[in-house]
Amino acid sequence: MDPMTIVTQYNLLQNGPPEESKLATYMKRQNNASPQSSLYTTLSKNYSNLDINQSPLSMKKATIPTVDFVPRNLVSSLNNPDGSSIYTKDKSQPIQAYQKNVNGTTYFYPPDTNGTNQPNGNIFDDPSGYLPMPSVESPTSSLYAQDDLRRDLLHRNALSMASPDSDRWPDLPENIEDYHDVYPLDIYGHSSKILSYSTSTYRATNSKTGEKCCLKRIHGFRLTITKYAPLIEAWKKINHANIVQLKDVFITKAFNDSSLMFVFNYHPDSESLQTRHFNSNETLNGYNDPFSSDPNAPRPYSHTKNAILRHQHSNGLLSENTLWNYAIQLSGALRAIHGSGLALRGLGLNRVLVTGHVNTRARLRINCVAITDILLNDMASSNMIGHFQQEDLTDFGKLLLALACRSLIAVHQDNLATSIDLMARSYSSDIRNLIRYLLSSQRRHITELMPMIGARFYTQLDAAQNHSDNLENELSKEMENGRLFRMLVKLGSINERPEFNLDPAWSETGDRYMLKLFRDYLFHQVTEEGRPWLDMSHIVHTLNKLDSGSSDNICLYSRDEKTILVVSYQELKQCLEQSFCEIASVAASDDHIKAE
């Protein structure tokens, strides 16, 4: 604080404001109206005890009664109907309000109906400027991964490990060249089409690397791919966070025909942008997908603003942050593709995969790269690359416009002007200018989008880094859990072992007996009343000491309390390692004997 400000406040509190000032009139009115005006008196006394020559550190030590700083509307809301306050058990003993300091800001909460200082969220229903109470994590939340993250990972793992139904797919091959564990990924078993070719999608495991891969099958491909080797190698070199990487391309006879197989990275629990953000009944009234490359497809009739508005209402508008998130990720992917001298050719909603949730961290990945180049067989002329890249930018603008309007008919040529005008009602001029630039007929370049994105790029970068930090934090929790799990495995392998080396009492004698008592100390403690005492922090803290071999002593009791042992964690660790090594050595020797 500025010294002159401190002096001014000090003089004001000592001498009071001028009598003719509005502040003095207000303070007199407060003094006459309510006894709660002791706040000013308390402040005056405390400021009068301050020395302006004190250092900032010593000024922080000035004690001001906490109860005087409880917000006034909080105090009034805590009064009982009879005029008494629930802050007092009797007239002479006030109960302090529950308070919590978060990032330098103190939040006050009323006590519950029992008079204990517990937070109550009802007071924040009043828009008085108070922030809601920060969420209080459970005592074990720092030990385990977040439930949402764990649920998503388990779901993805289940999808990766799913096995096909032999009755449903009797003709499914067991192996496709170097890939086994083949599983169909097409919805309801229906294959799709790319140009005039039927396609199917499978998940498989690479026999050489053990990695899960996604196989895209082109049915009945009768050409050779030798001449496409340079093109395939160029696509395989592109390794970008927003592109599903191409791993290999080959022709196989595993399906009793000549099938062209594209091998991509596998990203479980993904869906296309069209599936996520558009209703399935979007193709009614006879019009086709406006992203279709078929020039003979039926054209839609002249749609009105009401048709687009109906789609917006039924689908719901995306937030502008989501649109910018998508625009930044897709522009980065196109920049990598165009920078490699390639073109995507046909950027549509059904070619962009989404992984994750929109309200957390949705990752976009452009799928099925290189397929159009090979099937159309017109990439031989390098002069056409620039033209195809211009088409990529136009398709990019149509994709963003369709997402903004939540309607596929919005990107039809007859409706572009209307769609942009409707989009301007809900979004900023920046996103509108970006889409107009992408849909313009001038010569465009992907690098020119960066000035239009501006500082939003740093927002996305910051969000990505925070997400990475969060994942590393969750990983560190599981890493510690794995270390403690190994300790528990060793203890479980030793304790209560019925027989070992023909000695039925092996686990009850010598070092193993100490480990048995330690097990009871760890898990089987009770309170003075005889109730089980469960404390996760006690278990984790004790196992950490055992794993580190601490020199601290521990007192172990037998269940009948006739035996008492005082040992150190270091001695217990030596007993644990020695006993487990005995079991491991015998188990290894038995395996060796059986192998011979």
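Per chain, residue numbering runs from 1 following the sequence as it is written. Local features are withheld for residues below a pLDDT of 70 in this predicted model, meaning they are given only at 70 or higher, and side-chain atom pairs are given and counted only at 80 or more; totals for whole chains, interfaces and linings count all residues. Side-chain numbers here rest on the full set of heavy atoms in the structure, without hydrogens or water.

**Notes on helix α16 (residues 456-494)**
Residues three or four positions apart in an α-helix share a direction because the helix packs 3.6 residues into each turn.
Phase 1 of the analysis: Strands here mean DSSP runs of E at least two residues long; helices mean DSSP runs of H or I at least four residues long; both are numbered from the N terminus. In this scheme, a helix's expected span is set at 1.5 Å multiplied by one less than its residue total. If you check α16, its first and last C-alpha atoms are 58 Å apart, about what 39 residues at 1.5 Å a residue would give, namely 57 Å.
Phase 2 of the analysis: Categorising residues by exposure relies on relative accessible area from a 1.4 Å probe, with only protein chains included: less than 20% of the type maximum marks a residue as buried, more than 50% marks it as exposed, and the intermediate range marks it as partly exposed. Regarding α16, the residues found buried are Q460, E474, K477, N481, L484, M487, K490, L491, S493 and I494.
Phase 3 of the analysis: Positive backbone phi, approximately 60°, marks E496, located one or two places after α16.

**Brief notes about the pairing of strand β4 (residues 179-184)**
Phase 1 of the analysis: In terms of strand pairing, strand β3 (residues 175-176) meets β4 through two bridges, oriented antiparallel. In the sheet register, N175 faces β4, and the bridge partner there is H180.
Phase 2 of the analysis: Strand pairing follows a simple DSSP-based rule, namely that at least 2 bridges must link the two strands. As consecutive antiparallel partners, β3 and β4 are separated by two residues, and within that stretch E177 has a phi angle of approximately 55°, a positive value.
Phase 3 of the analysis: Examined bridge by bridge, β4 and strand β6 (residues 197-206) share four bridges and lie antiparallel to one another. Paired with Y183 across the strands is R203, a residue of β6.

**With respect to the packing of helix α12 (residues 385-405) against helix α13 (residues 416-423)**
Phase 1 of the analysis: Each axis is a line fitted through C-alpha atoms, taken for helices only over the stretch in contact, and angles between the N-to-C directions span 0 to 180 degrees. Remark: α12 packs on α13, axes separated minimally by 10 Å, with the N-to-C direction vectors making an angle of 55°. By the criterion of interaxial angle, the relationship of α12 to α13 is oblique. Along this stretch, α12 crosses α13, giving a crossing that reads as left-handed. Every residue of α13 that contacts α12 at L401, A404 and C405 is listed here: L416, S419, I420 and M423.
Phase 2 of the analysis: In this classification, Asp, Glu, Lys and Arg are treated as charged, Ala, Val, Leu, Ile, Met, Phe, Trp, Tyr, Cys and Pro as nonpolar, and every other residue, Gly included, as polar. Of the residues in the contact of α12 with α13, the class split is six nonpolar, one polar and no charged. For classification purposes, angles smaller than 35 degrees are called roughly parallel, those larger than 145 roughly antiparallel, those between 65 and 115 roughly perpendicular, and all remaining angles oblique. Crossings are sorted by hand: turned counterclockwise from the far helix by less than a right angle, the near helix makes the crossing left-handed, and turned clockwise it makes it right-handed. Residues are treated as being in contact if the distance between any of their heavy atoms lies within 4.5 Å.

**Considering the layout of surface pockets**
Phase 1 of the analysis: Lining residues are those with an atom within 4 Å of a point, where the points come from a 1 Å grid over the protein atoms alone and group into cavities, where a 1.4 Å probe fits but cannot get out, or pockets, open sets with protein on both sides within 12 Å along at least five of seven lines. Grid points are joined across faces, edges and corners, and a volume is the space filled by probe spheres set on the points. What the second largest pocket holds in volume is close to 680 Å³.
Phase 2 of the analysis: Considering the residues around the second largest pocket, the lining is formed by 20 residues, among which L149, R156, R361, H467 and L471 are closest to the centre.
Phase 3 of the analysis: Secondary-structure elements contributing two or more residues to the lining of the second largest pocket are α6 (147-161), β12 (363-366) and α16.
Phase 4 of the analysis: No other element matches α6, which puts five residues into the lining of the second largest pocket.
Phase 5 of the analysis: When its residues are assigned to classes, the lining of the second largest pocket shows five nonpolar, nine polar and six charged.

**Comments concerning the UniProt feature "coiled-coil region" (unreviewed entry) in the protein**
Phase 1 of the analysis: UniProt positions are given in the numbering used here, feature names are shortened, and annotations may be inferred rather than shown by experiment. Here, UniProt's "coiled-coil region" (unreviewed entry) annotation points to residues 455-493.
Phase 2 of the analysis: Spanning residues 455-493, this segment combines 97% helix with 0% strand, and its end C-alpha atoms are found 57 Å apart.

**Digging into the packing of α12 against helix α14 (residues 429-439)**
Phase 1 of the analysis: Where α12 meets α14, the axes come as close as 7 Å, and the angle between the chain directions of the two elements is 145°. The handedness of the crossing between α12 and α14 comes out as left-handed. Here L393, T394, F396, G397, K398, L400 and L401 of α12 come into contact with α14, specifically with L434, I435, L438 and L439.

**Examining the environment of E174**
Phase 1 of the analysis: Considering the arrangement of structural elements, one finds E174 in the loop between α6 and β3.
Phase 2 of the analysis: Owing to a relative accessible area of 66%, E174 belongs among the exposed residues under this scheme.
Phase 3 of the analysis: Along the backbone, E174 and A254 are 80 residues apart, and their C-alpha atoms lie at a distance of 8.9 Å.
Phase 4 of the analysis: Beyond its immediate chain neighbours, meaning those up to four positions away, E174 contacts Y179, H180, D181 and V182.

**Thoughts on unusual backbone geometry**
Phase 1 of the analysis: Phi at N256 is positive, roughly 65°, even though this residue is not glycine.
Phase 2 of the analysis: Its place among the elements puts N256 in the loop between β8 (246-252) and β9 (259-265).
Phase 3 of the analysis: Located in the positive-phi region is E496, a residue other than glycine, with phi close to 60°.
Phase 4 of the analysis: Secondary-structure assignment places E496 in the loop between α16 and α17 (510-523).

**So, the sheet that holds strand β10 (residues 270-272)**
Phase 1 of the analysis: Strand order in the open sheet formed by three strands is β10-β11-β12, with antiparallel pairing between adjacent strands. Of all the strands in the sheet, just β10 and β12 have a single pairing partner and so form its edges. Each strand of the sheet is rotated relative to its neighbour by a mean of 35°, with strand direction disregarded.
Phase 2 of the analysis: Bridging between β10 and strand β11 (residues 352-355) involves three bridges; their strand directions are antiparallel.

**A short note on the pattern of salt bridges**
Phase 1 of the analysis: For this document, the term salt bridge refers to a Lys or Arg side-chain nitrogen within 4 Å of an Asp or Glu carboxyl oxygen. If you walk through the whole model with that rule in mind, you get 15 salt bridges.
Phase 2 of the analysis: Where D547 meets R483, a salt bridge forms, and the shortest distance between an N and an O atom there is 2.7 Å. Of this pair, D547 sits in helix α18 (residues 536-548) while R483 sits in helix α16, and the two are 64 residues apart along the sequence.
Phase 3 of the analysis: Residue classification places R483 among the partly exposed positions, given a relative accessible area of 21%.
Phase 4 of the analysis: Its salt-bridge partner being R559, residue D520 comes within 3.1 Å of it at the nearest N-O pair. Of this pair, D520 sits in helix α17 while R559 sits in the loop between β13 (553-557) and β14 (564-568); the two residues are 39 residues apart in sequence, bridging distant segments of the chain.
Phase 5 of the analysis: Take D520: its relative accessible area is 9%, and that puts it in the buried class.
Phase 6 of the analysis: On the basis of relative accessible area, R559 is assigned to the exposed category, the value being 60%.
Phase 7 of the analysis: Members of the salt-bridge network, linked through shared partners, are E496, R519, D520 and R559.

**Examining the confidence of the model for the protein**
Do not read the predicted coordinates in detail wherever pLDDT is low.
Phase 1 of the analysis: Every residue is assigned a pLDDT by the predictor, reflecting its confidence on a scale from 0 to 100. Overall, the predicted model of the protein reaches an average pLDDT of 75, with 67% of residues at or above 70.
Phase 2 of the analysis: Within the protein, β9 carries the highest mean pLDDT (96), whereas helix α4 (residues 56-60) carries the lowest (38).
Phase 3 of the analysis: Across residues 283-304, where pLDDT falls below 50, the model places 27 contacts with residues more than four positions away in sequence or in other chains.

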